Amino acid sequence: MSGIDEFRAEVRRWLEANCPASMRTPITNEEMVWGGSRVSFQNEDQRIWFERMRDRGWFAPDWPSACGGGGLGPREQRVLEQEMLALGCRLPQYNLGIWMLGPVLLEFGTAAQKSEHLPRMARGEVRWCQGFSEPNAGSDLASLRTAAVRDGDDFVVSGQKTWTSDGDKADWMYALVRTDPQAKKQQGISFIMVDMKSPGVTVRPIELISGTSGFCEVFFDGVRVPAKNVVGDINQGWGVAKRLLEHERAAMSKFTEGGAPSLDALVVAAPYLAGGGPVWRDRMAAALMDQHAFSLTARRLQEMALAREDVAGPGSIMKLVQSEQESAKYELLQQLMGHRGLSMEGEGFTADERAVCRLWLYTKSYTIAGGASEIQLNLIARRVLGLPA
Amino acid sequence: MTLLLDDEQRMLRDSAQQFLATRSPVSALRALRDRGDERGYDPEIWREMADLGWPAAVLPAEFGGLGVGYKGLGAVFEQVGRTLAATPLLSTVVLAGGLLAEAGSASQRDLWLPKIGAGEALLALAIDEAPRHDPTQVTLRAWREAGHWRLDGQKEFVLDGHVADRLIVVARSADAPGHRNGLSLFLVDPAAAGVQIERTWLVDSRHAARVRLARVQLDDAALIGAPDLAFDALDCVLDRARACVAAELLGVITEAFGRTVSYLKERVQFDVPIGSFQALQHRAARLYVEIELLRSCLAAALEAADAGADGAAALASLAKARASDLGERTLNEAVQMHGGVGVTDVLDIGLFLKRARVLQQAFGDGTFHRDRYASLRGF
Ligand SMILES: Cc1cc2nc3c(=O)[nH]c(=O)nc-3n(C[C@H](O)[C@H](O)[C@H](O)COP(=O)(O)OP(=O)(O)OC[C@H]3O[C@@H](n4cnc5c(N)ncnc54)[C@H](O)[C@@H]3O)c2cc1C
């Protein structure tokens, strides 16, 4: 056996021995465990799985061991992901810090920032939120106005962020703030880490159409943040943020590859397809074929990356396709269910019917958040196809 | 197992690209059409393709196969699509060669495979009868009579049937139309008594034949494989052909798309390149997305064909459905985005449009393959 095959066998043995059976079933929204100081478990199996993966260093399998990670290379990391997928293992926790901020700190962080934040992050002790968007800065993020003014060793931050996912549950925020109001749009922005317990931070949840409250408004009123919390150089935050958003794609794929609260479309559809006729059959087949095409493309991208081929082109389509497909899937299921797909709660509907209705609303945000579909299309047209602005 | 090409397959692709660009560019198809060529392909270029080893690419090793698999041959088909080269590669090599290798007797293989591999014999598959492809619906009858077989019926859309040295005819020897069981394959000499072949001119300047068999008498040696049980081998070979057609479509699509994107950058209206209009940018970007998805499906279908994997049928349908639909959409968009010049014969885009439509119908369009995919997924 080659090294990688041995590693695969070892990983599988370990997962089989350590992943509780109830952690090998598809996850629902309510069952996702989010790391952080307020981490909570609904049952013992969740806690055991969380702690075992944490102690193995596999919350951040590809980070160096010195930073609290698992020290795996890209091939080994892929093997771990494949084996978890094959056994149907849930992600032991969801953690934006590890998936998005971590890689950026590894690249741009000072030694002090790394040792302060990475090991705690890798143990799932800190929950992070992303403070980029503002009421007047959405797709046009660089028009953000939250100000950070230097005062001795600190910056004093004032302004408002919005759509901050889980802002009310997070321990820390990484944010973009304007440090030079004179400079051109992108140039006067810094990337800064803010402790949400700092005096002057106010968080207000926003209710969504799906009935959940995923995100918040966050107000800063003269909040003092140590200048050492700036990541990268002052006024160079735009580049750091762009890098971070590249990791967002990888983070999204964590949700798609078995980690997302996603229903198996065909299983859910089966009772409603029976007697549905050729038109429903055709639409269902088309939806499944779309999913199939997407997962094959994810596989091709992985293989290209391992072969060190340029993945910029095909990589650029993934967010768009994934978000549109998930959203379209629930549109289809809901319509297939007819009037039975029209209730989110209460009696008289099956759990699947309620879930489809809720996810139909929930997935509406997929094509808006993290770069709306129209913005993705702009990027493909300009960067990949080279069409003029 | 990988979706990427290995070095040898890459070399084959690159050499195909070079060869076709110099020896069989789009202008060669135009010339073939304009001189009203009766064969619909150029024998001289076909001989050169044979020298490059293409017709032997997927043959068993003992018949001089290159060992590059359908992934390698698919890469050639993609290049064929880019220049709209007219070749008998699909009918002779993938379909007839595939069926003989898969189901033929030792003597049939020994007689025909070396000739196929050397590009010295042309064969064609006669399968479709109705306007739309559906192998289970075959009605052309085969029955035993006085120690012989008799075939009676009619076939259409027989690609390269007008130049073939032999036809492989799919006939119904048992059961009713709609059944998989009851199909048999026969090797038929077009010169045999009762065989009538009529050339039909397709919109893409290539030809297909309409074949009439009137009580044609054949002996047992003409039978390929066991009687009544041809469906599995046939379907497997059809899937390879579907994947190869999808590969050719991908070539047609990428070439037409590339030309269209270039035009968007060049053509100026309202003092700016038309490619700066967001309405056109987004439509172009959407096509790019679909092309990348198709590329993955196609690679997986070819990989599965080589591996003889369980999922090969579903993947072939996935690739052929998407390629057929995307060929339609891309070429319609390509014509539209070119404006008036897009509907002129001077521009090559029209030739790509026409080829894409013929390939769309070949061995099942999107509707057929979505239905088949649904069956394969169990609903
Ligand atoms: C569920 C969810 C979670 C989120 N979480 C976070 C978070 O944690 N942190 C955070 O900072 N932000 C978060 N966001 C905000 C998200 O990034 C923004 O919603 C997104 O960038 C779009 O901005 P907007 O909502 O202001 O829409 P707008 O930018 O106002 O867009 C409105 C419409 O105009 C279109 N449009 C805009 N510009 C163009 C253009 N140039 N060309 C064509 N069309 C255009 C858009 O595509 C969209 O359809 C979240 C959003 C959602 C829905």
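On a predicted model such as this, the values are computed, not experimentally measured, just so you know.

## With respect to empty space enclosed by the protein
Residue and element names in this part refer to chain B. Counting across every chain of the model gives seven cavities of 30 Å³ or more. Considered as a void within the structure, the largest cavity measures approximately 210 Å³ in volume. Going through the elements one at a time, helix H4 (69-83), helix H5 (89-103) and helix H10 (349-361) are the ones with two or more residues in the lining of the largest cavity. Here the lining of the largest cavity gets three residues from one element, more than from any other, and that element is H5.

## Quick notes on the state of the cysteines
By the definition in use, this model includes zero disulfides over all chains. Note on cysteine 236 of chain B: no disulfide assigned, nearest cysteine sulfur contributed by cysteine 244 of chain B at a separation of 12 Å.

## Some remarks on the packing of aromatic side chains
Overall, the coordinates contain 15 aromatic pairs over all chains when judged by the stated rule. Plain terms: the ring middles of tryptophan 163 of chain A and phenylalanine 215 of chain A are 5.2 Å apart, the flat faces sit at 45 degrees to each other, and that makes the pair tilted. Here tryptophan 163 of chain A, found in strand E3 (residues 154-165), pairs with phenylalanine 215 of chain A, found in strand E7 (residues 215-226); they are 52 residues apart in sequence, far enough to count as distant. Judged by relative accessible area, tryptophan 163 of chain A falls into the partly exposed class, the value being 46%. Seen from their ring centres, tryptophan 149 of chain B and phenylalanine 186 of chain B are 5.2 Å apart, and the 65 degrees between their planes marks the pair as edge-to-face.

## Thoughts on the site of the ligand
Lining the immediate environment of the ligand, one finds 18 residues, of which Gln130, Ser133, Ser139, Trp163 and Glu374 of chain A sit closest. Residues within reach of the ligand are spread across chains A and B. Interatomic distance of 2.7 Å between a backbone N/O atom of glutamine 130 of chain A and a nitrogen atom of the ligand. Residue serine 165 of chain A places a side-chain N or O atom 2.7 Å away from a nitrogen atom belonging to the ligand. A total of 980 Å² of accessible area belongs to the ligand in isolation, and the protein chains cover 66% of it. Breaking the shell around the ligand down by element, the ones donating at least two residues are E3 and helix H12 (373-384) of chain A. In terms of residue class, the shell around the ligand is made up of seven nonpolar, 10 polar and one charged. When residues of the shell around the ligand are assigned to domains, at least three fall in each of domain 2 (128-236) and domain 3 (263-384) of chain A.

## As for the domain arrangement of chain A
Each assigned domain of chain A is listed with its residue range as follows: domain 1 (3-94), domain 2 (128-236) and domain 3 (263-384). If you average the C-alpha positions of domain 2 of chain A and of domain 3 of chain A, the two centres end up 32 Å apart.

## Let's talk about the layout of surface pockets
Looking at the second largest pocket, its volume works out to about 660 Å³. What lines the second largest pocket is a set of 26 residues, and nearest its centre among them are Arg300 of chain A together with Leu5, Arg13, Glu78 and Arg295 of chain B. Of all the elements in the fold, those that place two or more residues in the lining of the second largest pocket are helix H8 (278-306) and helix H9 (312-315) of chain A together with helix H1 (7-23), H4, helix H7 (231-266) and helix H8 (278-307) of chain B. Of the residues belonging to the lining of the second largest pocket, the class tally is 12 nonpolar, four polar and 10 charged.

## As for H4 of chain B
Residues and elements named next belong to chain B. Here H4 contains 15 residues, and its C-alpha end-to-end distance of 22 Å stays within 8% of the 21 Å for a straight helix at 1.5 Å per residue. Counting buried positions along H4 gives 14 out of 15 residues, so the element sits mostly inside the fold. Count one or two residues on from H4 and you reach leucine 84, which has phi positive near 55 degrees.

## Quick look at the nonpolar core
Counting 143 residues, the largest nonpolar core has Trp54, Leu73, Leu90, Leu125, Ile168, Leu234 and Phe363 of chain B as the members making the most contacts within it. If you tally residues by element for this core, the top one is H7 of chain B, at 19 residues. The contact partners of leucine 234 of chain B, leaving out residues within four places of it in the chain, are Leu99, Leu125, Ile127, Val170, Leu183 and Leu185 of chain B. Formed by 51 residues, the second largest nonpolar core is a distinct cluster that contains Val11, Trp49, Ile98 and Leu105 of chain A.

## Here's the deal with the domain arrangement of chain B
All names here are of chain B. Domain annotation for chain B reports domain 1 (7-121), domain 2 (124-228) and domain 3 (232-376). Relative placement of domain 1 and domain 2: their C-alpha centres are 23 Å apart. Contact residues are listed per partner, giving 23 residues for domain 1 and 22 residues for domain 2. A combined buried area of about 1,700 Å² lies between domain 1 and domain 2, and 64% of that area is made up of carbon and sulfur atoms. Linking domain 1 with domain 2 are one salt bridge. Where glutamate 38 meets arginine 199, a salt bridge forms, and the shortest distance between an N and an O atom there is 3.5 Å. Here domain 1 is connected to domain 2 by seven residue pairs in polar contact (both at pLDDT 80 or more). Of all the secondary structure elements, the ones that give two or more residues to the side of domain 1 that touches domain 2 are helix H2 (26-34), H5 and helix H6 (106-117). With seven residues, the top contributor of residues to the side of domain 1 that touches domain 2 is H5. Considered class by class, the residues forming the side of domain 1 that touches domain 2 number 12 nonpolar, six polar and five charged.

Cut-offs used in this document
- Residues numbered from 1 in each chain as written.
- Chains lettered and ligands numbered in written order.
- Predicted model: local features only at pLDDT ≥ 70, side-chain atom pairs only at ≥ 80, totals over all residues.
- Heavy atoms only, no water.
- 1 Å grid on protein atoms, 1.4 Å probe; cavity = no way out; pocket = protein on both sides within 12 Å on 5 of 7 lines; lining within 4 Å.
- Points joined across faces, edges and corners; volume = space filled by probe spheres on them.
- Helix = DSSP H or I, 4+ residues; strand = E, 2+ residues; numbered from the N terminus.
- Disulfide = S-S within 2.5 Å.
- Phe/Tyr/Trp six-rings, centres within 6.5 Å; stacked < 30°, edge-to-face > 60°.
- Buried < 20%, exposed > 50% of the residue type's maximum accessible area, 1.4 Å probe, protein only.
- Near = heavy atom within 4 Å.
- Polar contact = N/O pair within 3.5 Å; in protein donor to acceptor, adjacent residues only side chain to side chain.
- Areas by Shrake-Rupley, 256 points an atom, 1.4 Å probe, with all protein chains shown as cover.
- Nonpolar A, V, L, I, M, F, W, Y, C, P; charged D, E, K, R; others polar.
- Domains from an automatic or database assignment.
- Expected span 1.5 Å × (residues − 1).
- Core = buried A, V, L, I, M, F, W, Y, C linked by side-chain atoms within 4.5 Å.
- Contact = heavy atoms within 4.5 Å.
- Buried area = accessible area lost by both parts, 1.4 Å probe.
- Salt bridge = Lys/Arg side-chain N within 4 Å of Asp/Glu carboxyl O.

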